[in-house]
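Analysis of the macromolecular model
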Amino acid sequence: SSQQRDSSFYASVEAEARSLVKGEEDAIANMANISSLLYQRLNGIDITLESHEDHDDDGNSNMNKGPSSSSSSSASSFKEKKNPSIVSNWVGFYITRRPSMLVLGPFQGKPACLRIPFGRGVCGNSAMKKQTELVVDVHHYPGHIACDSASQSEIVVPLINKKKGTKGEGEVVGVLDIDSPHVGTFSEIDREALEKIVDILMEACSWEGISCVV
């Protein structure tokens, strides 16, 4: 099922992503929330997210507003009905922790491969080429790494440091990896939208001490 992943669907997801990372530069925290957001939204799981901007003076989140909160104007308040057709069985990040080596980061799904060298598998090739890899059928992809035998198609978007004048400018600090248990799940619509969401993440985050390239 394509879950009707059109421009309006992704516009909502992009708005939610912006809200989640707003004012937060911790890359691990942001990757954790973005992986959860994508996993939930792609699979149409019934969720309600309240605005994360309500904090006290000590920075503690005040999450005592129930789902019935009247904050309907918040971009981060929504509810989706559960869809029985799973679009993605794994959503998460790998981080360039060592030179030319991706290490598992925050994710949603089954336990995954811990380390992937640049140039190996879909993730490694995306990191090495610095470009998105959209794979219709992983069984026809040379050198595919099968972390989950259920995965049939995959899309990987590189996390490239585009901040001008910074250490590691132009380098890949990690990748966003999304797997599906169906062949041919991802399209150019997904590619374009996920690249935008990665840009949103990259604009917000500091990678110092997290990725070895910065």
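Here is a short report on the structure shown in this document. (Residues numbered from 1 in each chain as written. Predicted model: local features only at pLDDT ≥ 70, side-chain atom pairs only at ≥ 80, totals over all residues. Heavy atoms only, no water.)

As for the pattern of salt bridges
- One pass over the full model with this rule turns up 6 salt bridges.
- Linking Lys-129 and Glu-133 is a salt bridge whose minimum nitrogen-to-oxygen distance equals 3.7 Å.
- Residue Glu-133 is classed as buried on the basis of its relative accessible area of 9%. (Salt bridge = Lys/Arg side-chain N within 4 Å of Asp/Glu carboxyl O. Buried < 20%, exposed > 50% of the residue type's maximum accessible area, 1.4 Å probe, protein only.)

A look at the sheet that holds strand E5 (residues 153–160)
- Read across the sheet, 6 strands follow the order E3-E2-E1-E6-E5-E4 without closing on themselves; strand pairing throughout is antiparallel. In the strand order of this sheet, the two ends are held by strand E3 (115–117) and strand E4 (133–135), each with one partner. Each neighbouring strand pair of the sheet contributes to a mean axis angle of 25°, computed without reference to strand direction.
- With 6 bridges joining them, strand E1 (residues 90–98) and strand E6 (residues 172–180) adopt antiparallel strand pairing. (Pairing = 2+ DSSP bridges. Helix = DSSP H or I, 4+ residues; strand = E, 2+ residues; numbered from the N terminus. Axes fitted to C-alpha atoms, helices over the stretch in contact; angles between N-to-C directions.)

Some remarks on the packing of aromatic side chains
- All told, the structure shown has 3 aromatic pairs when counted by the stated rule.
- Residues Phe-9 and Tyr-10 carry aromatic rings whose centres are separated by 5.1 Å and whose planes lie at 75° to one another, so their mutual orientation is edge-to-face.
- The class for Phe-9 is buried, based on a relative accessible area of 11%. (Phe/Tyr/Trp six-rings, centres within 6.5 Å; stacked < 30°, edge-to-face > 60°.)

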